[in-house]
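Remarks on the overall topology
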Amino acid sequence: MFFDRINKLRYTLAFRLTLWYAALFVLSAGVVFILFYMLIGSAIEQRTDDDLLQRRNAFSRIFALQGAEMLQRTAALQAQAAGEKKLFYRLFYPSGVVFSSSNMRYWKSIGIDYGAVEALLENGDDIFVTHALPNTKYHTRVIYARIGSEIMLQMGYNMEDEERLLQVFKQWFLVTMSLMLALAVAGGWFLARRALAGVAMVTRTARQISETDLQTRVPVRHRHTEIDRLAITFNQMLDRIQRLVTGTRQMNDNIAHDLRSPIARIRGMAEVTLTKSETLDEFQQMTASTIEECDRLLEMISTMLTISRTEAGMHPDRCTRVDLAAIIHSACDLFEPVAEDKAIALRKQIRDAAPVLGDQRMLQRMAANLIDNAIKYTGGGGVVTVGLRRDGTDSVLLTVADDGMGIAPEDLVKIFHRFYRGDQSRSLPGSGLGLSLVQAVARAHGGDVQVQSTPGHGARFSVTIPVAPTDSKG
Amino acid sequence: MINREVVRDGRKIDLQPLEYSLLAYLMRNHDKVVSKTMIMENVWDYHFDPQTNVVEARICRLRDKIDKSFGSKMIHTVRGVGYVLRQDQ
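Owing to the predicted nature of the structure, the values given are computational and were not obtained by experimental measurement. (Residues numbered from 1 in each chain as written. Chains lettered and ligands numbered in written order. Predicted model: local features only at pLDDT ≥ 70, side-chain atom pairs only at ≥ 80, totals over all residues.)

Considerations on the overall build of chain A
When its secondary structure is counted, chain A shows nine helices and 12 strands. Burial analysis of chain A (474 residues in total) assigns 24% to the buried set. In chain A, 63% of the contacts between residues at least 6 apart in sequence involve partners at least 24 apart. (Helix = DSSP H or I, 4+ residues; strand = E, 2+ residues; numbered from the N terminus. Buried ≥ 20, exposed ≤ 12 C-beta atoms within 10 Å, placed from the backbone. Contact = placed C-beta atoms within 7 Å.)

Okay, structure coming up:
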């Protein structure tokens, strides 16, 4: 159980962040320590070398001015002053015979390094060597130098004191490091948890939503942190989902309602005919009505499918280069008698050819729906104007304007929803799908549809569709 | 057909291009009932039914021209199904 939890914890972001934080901390502190340690070590060696060199130079001067006798005495004095265990010297001939030295009881293990002597004889430069003292972890720095032509000097300096200091420094560092590592882990864990608290909150809300409803929102503190932005984005997504779900639910209700009415009518007619009718003619009437109702239903269902398919995107095979102007001309011709019957003047204002890349049938349908609508909602003696012109260089603008009943402002957005029918249009035939299809087709062609209306003074639909590129053969 | 000239009982009848196409289609399918959808597809190359009955309006026009001033009816409506061009005996 416990190990299970630890195992799970291993994969959490907070754990990883803490680990990274601590690791980076230790690494950087370690690098700093090693740098310091090496720096101090080399500084100690440098100082020791300087000291040895100073003494050796003094010896050279004394030998040159006052001779070997005085040199021996000075060397003995210096070694004594520094301490037997701190400083030693040997004065010897190039042959290796020692003629004078300090008390060597402590330094027995350090002999004369003949390799160094030979090198010294060859080029005359002072040589520094570091010897380890037996049974201790400390070192001695030794200089080999030529004092006169026949006199050689070996002088050693014990670095124990300095190295002890370095040791203490190392110990203290390790103690401090472990303390700080503990602090880093605790601090890292705290910071990571704190930073991720918002994420946890979003997670909690998401879980709540999947369990209950879409109403809940993640609280936003408006501090413009990353978590706040996540929360806002998450809430926006929820809004969208809620709208979609509500829309889908409403559409389902509408579909159910709109499919129910014709079926109820068919059933009613069949029942009446069955119980009351006697003649063949009456039965024939009923059959004809049934066919008409069924056609209406079938058309509605196939339109729904077409809208869904169009919204899902256009089929590339159906996409060709078509002239929207020709389509509009033929659509106007198609509706001419209908308009005439209602004494509506159907005016065409088609200025230019309008080549677009699209699905001929869908564009026909879009144009027909718009003109159909305009005629339907315009009273006798009205005017319906269909216009088509270039809108800038890269799109065409199709407008269908009428001077009919118009659309209430609150309905302007909703008329494009599937099955939505304004209060005024309920009495007129129609499925409430026409404008949804117009919108779907316009959008599938990379354009869009807009509507302006003054209630009582007509409506004006504007569809923009991108012009086909000139080099395309379609 | 090529000349697009329509004559009934020796009288020449003026038809608009769309009316002519509609009549030609009905004549090609004489004595057969053609549906509104078939007319939309074959005469206008439209593959759906508009809400408003544009076919009916067009048939009305055609009837006015070829049936009205003559004794017998040639274009008949079959309710719920469509239309048929038939020479009544």
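Section: the overall build of chain B
Scanning chain B for helices and strands turns up three helices and five strands. Element order for chain B, N to C, with α for helix and β for strand: β-β-α-β-α-α-β-β. When burial is assessed residue by residue, chain B has 25% of its 89 residues classed as buried. For chain B, long-range pairs separated by at least 24 residues make up 45% of all intrachain contacts whose partners lie at least 6 apart in sequence.

Quick word on the packing of helix 7 (residues 324–341) of chain A against helix 8 (residues 360–376) of chain A
Residues and elements named next belong to chain A. Two elements in contact, helix 7 and helix 8, have axes separated by 9 Å at closest approach and are oriented at 35°. Crossing geometry of helix 7 relative to helix 8 is assigned as right-handed. Mapping the contact onto sequence places L324, I327, I328, A331, C332, L334, F335, V338 and A339 in helix 7 and L363, Q364, A367, A368, I371, D372 and I375 in helix 8. (Axes fitted to C-alpha atoms, helices over the stretch in contact; angles between N-to-C directions. Left-handed = near helix turned anticlockwise from the far one by under 90°.)

Side note on the nonpolar core
Residue and element names in this part refer to chain A. By size, the foremost hydrophobic cluster in this structure holds 64 residues, and its most contacted members are L324, I328, F335, M366, A367, I371 and V441. When neighbours within four sequence positions are excluded, I371 is seen to be in contact with A331, C332, F335, V384, V386 and V400. Ranked by size, the runner-up nonpolar core spans 23 residues in total, among them F63, L71, F88 and A145. (Core = buried A, V, L, I, M, F, W, Y, C linked by C-beta atoms within 7 Å.)

Thoughts on the sheet that holds strand 4 (residues 75–78) of chain B
All names here are of chain B. Strand order in the open sheet made by the three strands is 3-5-4, with antiparallel pairing throughout. Of all strands in the sheet, those bounded by a partner on one side alone are strand 3 (34–35) and strand 4. Bridge count between strand 3 and strand 5 (residues 82–85): two bridges; the pairing is antiparallel. Residue pairing for strand 5: S35 is matched across the bridge by G82. (Pairing = 2+ DSSP bridges.)

Focus: the interface of chain A and chain B
In this assembly, 22 residues from chain A lie in contact with 16 residues from chain B. Elements represented by at least two residues in the side of chain A that touches chain B include exactly helix 6 (280–311), helix 7 and helix 8 of chain A. In terms of residue count, the dominant contributor to the side of chain A that touches chain B is helix 8 of chain A (seven residues). A class-by-class count of the residues in the side of chain A that touches chain B yields nine nonpolar, five polar and eight charged. (Nonpolar A, V, L, I, M, F, W, Y, C, P; charged D, E, K, R; others polar.)

Side note on helix 3 (residues 54–66) of chain B
Residue and element names in this part refer to chain B. Compared with an ideal rise of 1.5 Å per residue, which puts 13 residues at 18 Å, helix 3 spans 19 Å between its outermost C-alpha atoms and is within 8% of the ideal. Of all the positions in helix 3, only V54, V55, R58, I59, L62 and I66 are classed as buried. Angularly, the buried residues of helix 3 cover 130° about the axis, an arc narrow enough to put them on a single face. (Expected span 1.5 Å × (residues − 1). Arc of directions from axis to C-beta.)

Structural notes on the confidence of the model for chain B
Residue and element names in this part refer to chain B. Chain-level pLDDT for chain B is 85 on average; 93% of the residues reach the 70-or-more range. For chain B, strand 1 (residues 6–8) is the element with the lowest average pLDDT, namely 80, and strand 5 is the one with the highest, namely 91. Reported confidence for the predicted complex is 0.88 by ipTM and 0.61 by pTM. (pLDDT = per-residue confidence, 0-100.)

Examining the packing of helix 8 of chain A against helix 9 (residues 434–444) of chain A
Residue and element names in this part refer to chain A. Direction vectors running N to C along helix 8 and helix 9 enclose 140°, while the axes themselves pass 9 Å from each other. With respect to each other, helix 8 and helix 9 are oriented oblique. Here helix 8 and helix 9 pass one another in a crossing that is left-handed. Contact with helix 8, carried on its side by M362, L363, R365, M366, N369, L370, D372 and N373, involves G434, L437, V438, V441 and A442 of helix 9 and no other residues of that element. Residues of the contact of helix 8 with helix 9, tallied by class, amount to eight nonpolar, three polar and two charged. (Parallel < 35°, antiparallel > 145°, perpendicular 65-115°, else oblique.)

Points about unusual backbone geometry
Of note, A:A343 is a non-glycine position whose phi angle comes to about 60°, a positive value. By secondary structure assignment, the location of A:A343 is in the loop between helix 7 and strand 7 (345–350). Judged by C-beta crowding, with 10 C-beta atoms within 10 Å, A:A343 ranks as exposed. Backbone geometry places B:D45, a non-glycine residue, at a positive phi of 60°. Within the secondary structure layout, B:D45 lies in the loop between helix 2 (36–43) and helix 3.

Concerning the sheet that holds strand 2 (residues 98–101) of chain A
To summarise the sheet geometry, strands pair through backbone hydrogen bonds and adopt either a parallel or an antiparallel arrangement. Residues and elements named next belong to chain A. Overall, antiparallel pairing links the five strands, which are arranged 2-1-5-4-3 in an open sheet. Bordering the open sheet on either side are strand 2 and strand 3 (127–132), each of which pairs with just one other strand. Neighbour-to-neighbour, the strand axes of the sheet open up by a mean angle of 20°, direction not taken into account. Direction of pairing for strand 1 (residues 87–92) relative to strand 5 (residues 152–158): antiparallel, over a ladder of six bridges. What sits directly across from L87, in strand 5, is Y157.

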